[in-house]
Amino acid sequence: MVTFLFTDIEGSARLWDYHPDAMRKSLARHDEILLGAIRANRGRIFKRLGDGVCAEFEPASDAVTAALTAQRKIRNEPWPDRCELRVRVALLSGLAERREGDYFGPALNRIARLLDAAHGGQILVSSTTVELLGAHMPSGAGVRDLGLHRVKDLQNEERIFQLVHDDLRSDFPPLRSIARFRHNLPTQLTNFVGRSREISEIERLIPACRLLTLTGTGGCGKTRLAVQVASRLGPAFPDGVWMVELATLSDANLLPNAICAALQLREEPTRDPRFTIIDRLRESSLLIVLDNCEHLVSACARVADALLRGTRSLRILATSREALGISGETTWRVPSLRLDGGATAASEPDQIEVSQSEAVQLFISRATSASSTFKVTPANTGRIAEICRRLDGIPLAIELAAARVRALTPGQIALRLDNCFSLLRKGSQVDMPRHQTLRASIDWSFDLLSEDERALFCRLSVFAGGCTMETAEKVCSDAKLPMAGVLDLMAQLIQKSMLNVDESAVERRYCLLETVRQYAREKLDESQETRAITRRLVEFVLAFSEEAENNLRGADQARWLKRLTEEHDNIRTALDYCADSDEFIETGLRIASAAAFGWYMQGRYGEGRARLEQLIASAPAGASRGVIAKALSRAGTLARGQRDYRTAEDHLTRSLDLWRSAGNQKGLADALNNLALLAIDRGQCVAAKALLEESLTIREGMGDRSGIAMCLSNQGMAARFMNDLDLADSLYTRSMGIRREFGDLQGVAISLNNLGDIAKCRGDYEGASQLNAEGLEIFRDIDDKIGIASTLYNLGDSAYHLHDLDEASNYLSESLTLFKEVGDRRGAAAATVGLADVARARSMLDEARQLYSCAVQRCMQAGDRRYLASAISGQAQVFAALGNPEVSACLFGAANALRAACDERLGSMNVDHDRSMAVVRIQLGDSAFDAAYSRGHDMPVEQLMIAAIDPIAHS
């Protein structure tokens, strides 16, 4: 028998959306209060769910005291403006099975539902907990009997109590439970997962409209969501909530009869059932749920219109794959389950805790039900997230995949998703046939399309990353499907929930969910049109990539970088086709070379380099030397980004030789410049200087003012690394002067940043800030998001050294947001390390630890060892401060090994690093310190990410 304490924050999603910075601070304080109260009363936290906690206690009195203590402190806390936290708490005692540190059993489901019924600031207590308390109630506390309630997803009623105290609020609205009301809603045998935002929005809409139609792709959960909302709204409808299931109804003329049967109305033999319904419901207040209307849209529209016109208070909630299309209808598209939990600086969608993802929660819930031996482990959480992502967060697909854990591990399931329709074959034997397999669900929708709609639907499957309307018209049209008709057909596919619209893109994009796209691709293959449509896609990708390359160095850089990101999956598809066809190898080289600069900015070094090297190796003997030389140059640059200097030198040298033999002066100057940057990275600044002088001579002969300015700037970089700050200052200033002459605003701003770097090297952080501020103004004027993000990072770094931690945090947070927006992984890694440094300087050690862990993952993704060394060093200092010197020593060894390997100083953390390491050595003693230090120092790089994210488990 265990007493559980569950909590969560009411409205936390809205607070994260509108006040992320204040919410991060509030959540840190919230955690301190909760953890302190739980630990002080001998409790143990065994799980985190979103922003809340799940804790266990043995005596019920300890749990009640902990809840009361925490809630009183939370109520009295001076929260930041507009970010007051309202925490709801549930207490329940019951039998549960403990496995691998977690609990399982009905008690867990009951307390989760009890928590859902509570309001922010309220503490709800189960009847079993009240019985166990007896006379052991905390001083001044008592319980109020709230009566019998049937909470969500539970068939039996529960007697619920509220913990009361003079220091707590006592006047709350009625519980969010299912009070007794008339209905025919089906009993749910599985728990409902997530959808809090959707439920709130639908509950807001229903009182304001007579007909609300939930639309969406097959399997997205329209029916389950409608039932959940209807059960919550039941008490608001005195005459009940009635569901009319239409999936099995094939005769549209029988629709009114089906409604009569659901409402338990006796039909009149000689009268139209619609009039019978209207007469009985004219003054009634009730909600009718019309479920699965898509195959009877016209009939449903006629009947709904007649019922709404003939009654006063009737509300209709419909589910359909397309709208009914009548006056007064409001349509609301049901999205897939969220794959993230609301990103913060310490946790973003690509690495969010599993418990915060609705899609992952559903997988775990259904997998646990399917197999008693299934458990979530650090080894399979990434695979579970991958499954949910590749299944587009579609509930039906996730449930079918989760059922496979009886025979397969999550890793094995993920590997088989390339052919998801063969994997996801069987569902519940009692479900509707079209819900028993994912294919049957999509078949249902495909069969309702016209011939032209089917043709366009199949052709759209060539776009792995979606497309714009203009691109769809170019690629998908032909004599059979004229371009003029594509627009209307796209609109019809959207209306029928077969095609999604992405409004967040640079230009509105249209995309099929990946599971739906796989289905459409099979149909396209059957039509034998795949080859022709894919070739048109390749033509589009080539033109787009070369246009993007020309725009990535200008004032419109951020916009084009985002467009390149949006088209990345289509570029992959085109390159796959080119690599498999000798005829298209040179086209593939042109595409990959054009995309390479964007890949470099986004940190996609490995993929871009592999693409180029594969195509270079396959190039025919007669391929253009210029095309090969450019591809080698781009491959060398990406290899340099990975710190694979030997391969980079080989590629760049071969590129240089080809440009020389071809007599291409511009290509030659670029190759010399790239080799010089490689030499600077290797610490060979004298060699870099000679290469840059030759490049500068060529550019001067060509009159290439932009190239001259770039060479001078790079010469300044070489001088800076040779600690000749005066020469670097002079070269940066000359470069900036030329850039000012021909109006290169972006170049001027870059030069100001470089001069700011020199000022920081001289310890003049205020002077650096002034230069960076001037550069920032220019970057903002031209909307160069990369430049803005980089300058904000520099300003944050200077503020950190000037001990203005608030300003540092603001600059670095904005910098991180922009780096993530444009896909610059290296920049995001640097900003995250900076934020972690700030948290550590504020002694916010838990937040610092999380941020350093996040930074480690970003560094590994970006292939950046410099900031990886800094992040691991910071993590070492955090664990030293937390009193774990052995883990700290191990991490110091890893950080120093990385620092030596990449010949980089730890920069701003160097003094703290050495001081903290010396303290740890004293704490452990030389022998123990050296053993732990050596363990970290000798650790392979590929193991560092896991070890640094969870140091205790891997120390």
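Details of the structure are given in the entry above.
The text that follows walks through the structure, step by step, so that each part is easy to find. Please read these numbers as outputs of a predicted model, since none were measured by experiment. (Residues numbered from 1 in each chain as written. Predicted model: local features only at pLDDT ≥ 70, side-chain atom pairs only at ≥ 80, totals over all residues. Heavy atoms only, no water.)

1. So, the overall build of the protein chain
Convention followed: Each helix corresponds to a stretch of at least 4 residues labelled H or I by DSSP, and each strand to a stretch of at least 2 residues labelled E; elements are numbered beginning at the N terminus. Burial classification: accessible surface area is computed with a 1.4 Å probe over protein chains only, and a residue below 20% of its type maximum counts as buried, one above 50% as exposed, and the rest as partly exposed. What makes two residues a contact is simply this: any of their non-hydrogen atoms within 4.5 Å. Note that accessible areas follow from Shrake-Rupley with a 1.4 Å probe, and for residues the cover is restricted to the protein chains shown.
Within the protein chain, the secondary structure is distributed over 44 helices and 17 strands. Out of the 955 residues in the protein chain, the part that is buried amounts to 56%. The contacts of the protein chain with a sequence gap of at least 6 include a subset with a gap of at least 24, amounting to 69%. Surface exposure of the protein chain reaches about 40200 Å², of which carbon and sulfur atoms provide 48%.

2. With respect to the sheet that holds strand S16 (residues 500-502)
Quick note on the threshold: Any two strands with at least two DSSP-identified bridges between them are counted as paired.
Spatial ordering of the open sheet is given by S15-S17-S16, a layout of three strands whose pairing is antiparallel. The sheet terminates laterally at strand S15 (467-468) and S16, the two strands that pair on one side only. Bridge count for S15 against strand S17 (residues 509-511) is two bridges, and the pairing is antiparallel. The residue of S17 that forms the bridge with Thr-468 is Arg-509.

3. Focus on the nonpolar core
Rules: Definition of nonpolar core: a set of buried residues of the types Ala, Val, Leu, Ile, Met, Phe, Trp, Tyr and Cys, connected through side-chain atoms within 4.5 Å.
Residues Phe-363, Leu-456, Phe-457, Leu-460, Met-490 and Ile-591 are the most contacted members of the largest nonpolar core, which totals 93 residues. Filtering out sequence-adjacent residues up to four positions away, Phe-457 remains in contact with Phe-446, Leu-449, Leu-493, Met-498, Leu-512, Val-516, Tyr-519 and Ala-520.

4. Details of the pairing of strand S4 (residues 87-94)
In terms of burial, S4 is largely enclosed, as eight of its eight residues are buried. Here S4 shows a buried face lined by Val-87, Val-89, Leu-91 and Ser-93 and a second buried face lined by Arg-88, Ala-90, Leu-92 and Gly-94. When S4 meets strand S7 (residues 123-126), the two strands line up parallel, connected through three bridges. Residue pairing across strands places Leu-91 opposite Val-125, the latter belonging to S7.

5. What about helix H2 (residues 20-40)?
Two residues of an α-helix separated by three or four positions point the same way, owing to the 3.6 residues in each turn. Quick reminder of the rule: A helix is expected to reach a length of 1.5 Å times the quantity of its residues less one.
Helix length check: H2, at 21 residues, gives a terminal C-alpha distance of 30 Å against a target of 30 Å (1.5 Å per residue), a fit within 8%. Buried within H2 we find Met-23, Arg-24, Ser-26, Leu-27, His-30, Asp-31, Ile-33, Leu-34, Leu-35, Ala-37 and Ile-38. Positive phi shows up at Arg-42, right after H2, with a value of about 60 degrees.

6. A word on the state of the cysteines
We apply this condition: Two cysteine sulfurs form what is called a disulfide whenever their separation falls within 2.5 Å.
All chains considered together, the criterion is met by zero disulfides. Free of any disulfide, Cys-467 has its nearest neighbouring cysteine sulfur in Cys-476, separated by 6.2 Å. For Cys-467, a relative accessible area of 2% puts it in the buried group.

7. Describing the sheet that holds strand S8 (residues 141-149)
The condition that has to hold: Only the stretch in contact is used when fitting a helix axis, every axis being a line fitted to C-alpha atoms; angles between N-to-C directions are given from 0 to 180 degrees.
Spatial strand order, S2-S3-S1-S4-S7-S9-S8: seven strands in an open sheet with mixed pairing. Every interior strand has two partners, whereas the edge strands, strand S2 (44-49) and S8, have only one. In this sheet, neighbouring strand axes are inclined to one another by 25 degrees on average, regardless of whether the strands run parallel or antiparallel. Sheet topology places S8 next to strand S9 (residues 158-165); seven bridges connect them, and they run antiparallel. Bridge pairing in S9 places Leu-148 opposite Arg-159. Helix H4 (residues 106-117) contacts strand S1 (2-9), S2, S4, S7 and S9 of the sheet and is inclined by roughly 150 degrees relative to S4.

8. So, the packing of H2 against helix H3 (residues 60-76)
Heads up, the condition is: Oblique is the label for any angle not covered by the other classes, which are roughly parallel (under 35 degrees), roughly antiparallel (over 145) and roughly perpendicular (65 to 115). Take the far helix as the reference: if the near one is turned anticlockwise from it by less than a right angle, the crossing is left-handed, and if turned clockwise, right-handed. Three classes are used, and their members are as follows: Ala, Val, Leu, Ile, Met, Phe, Trp, Tyr, Cys and Pro are nonpolar, Asp, Glu, Lys and Arg are charged, and the others, Gly among them, are polar.
Contact geometry of H2 with H3 gives a least axis separation of 8 Å together with a crossing angle of 155 degrees. Considering the angle they form, H2 stands roughly antiparallel to H3. The element H2 and its partner H3 pack so that their crossing is right-handed. Every residue of H3 that contacts H2 at Ile-33, Leu-34, Ala-37 and Ile-38 is listed here: Ala-66, Thr-69, Ala-70, Lys-73 and Ile-74. Its residues assigned to classes, the contact of H2 with H3 comprises seven nonpolar, one polar and one charged.

9. A word on the packing of aromatic side chains
The geometry of an aromatic ring pair is captured by two quantities: the separation of the ring centres and the angle between the planes. Test applied: For Phe, Tyr and Trp, rings pair up if their centres lie within 6.5 Å, where Trp contributes its six-membered ring, and each pair is then called stacked (planes under 30 degrees apart), edge-to-face (over 60) or tilted (otherwise).
Evaluation of the coordinates by the stated rule reveals 10 aromatic pairs. Aromatic side chains Phe-4 and Tyr-103 sit 5.1 Å apart centroid to centroid with 80 degrees between the ring planes, which places their arrangement in the edge-to-face category. Highlighted residues: Phe-4 in strand S1 and Tyr-103 in strand S6 (residues 102-104), separated in sequence by 99 residues. Both residues of the pair, Phe-4 and Tyr-103, belong to the buried class.

10. A look at the environment of Val-486
Here Val-486 shows up in helix H20 (residues 483-495). Sequence separation between Val-486 and Glu-473 is 13 residues; the distance between their C-alpha atoms is 6.0 Å. Leaving out residues up to four positions away in the same chain, Val-486 has contacts with Leu-456, Ala-472, Glu-473 and Ser-477.

11. Here we look at the pattern of salt bridges
As a reminder of what qualifies: Salt-bridge detection follows one rule: a side-chain nitrogen of Lys or Arg within 4 Å of a carboxyl oxygen of Asp or Glu.
Counted under the stated rule, the structure contains 53 salt bridges. Where Arg-159 meets Asp-145, a salt bridge forms, and the shortest distance between an N and an O atom there is 2.9 Å. Of this pair, Arg-159 sits in strand S9 while Asp-145 sits in strand S8; the two residues are 14 residues apart in sequence, bridging distant segments of the chain. The exposure class of Arg-159 is partly exposed, given its relative accessible area of 35%. Note on Asp-145: relative accessible area 41%, which makes it partly exposed. The shortest N-O distance in the salt bridge between Asp-644 and Arg-609 comes to 2.8 Å. One end of the pair, Asp-644, is in the loop between helix H27 (625-641) and helix H28 (645-662); the other, Arg-609, is in helix H26 (residues 605-618), with 35 residues separating them in the sequence. Salt bridges here are not isolated pairs; linked through shared partners, they connect Lys-666, Asp-670, Arg-699 and Asp-704.

Keep in mind these numbers describe shape, not what the thing actually does.
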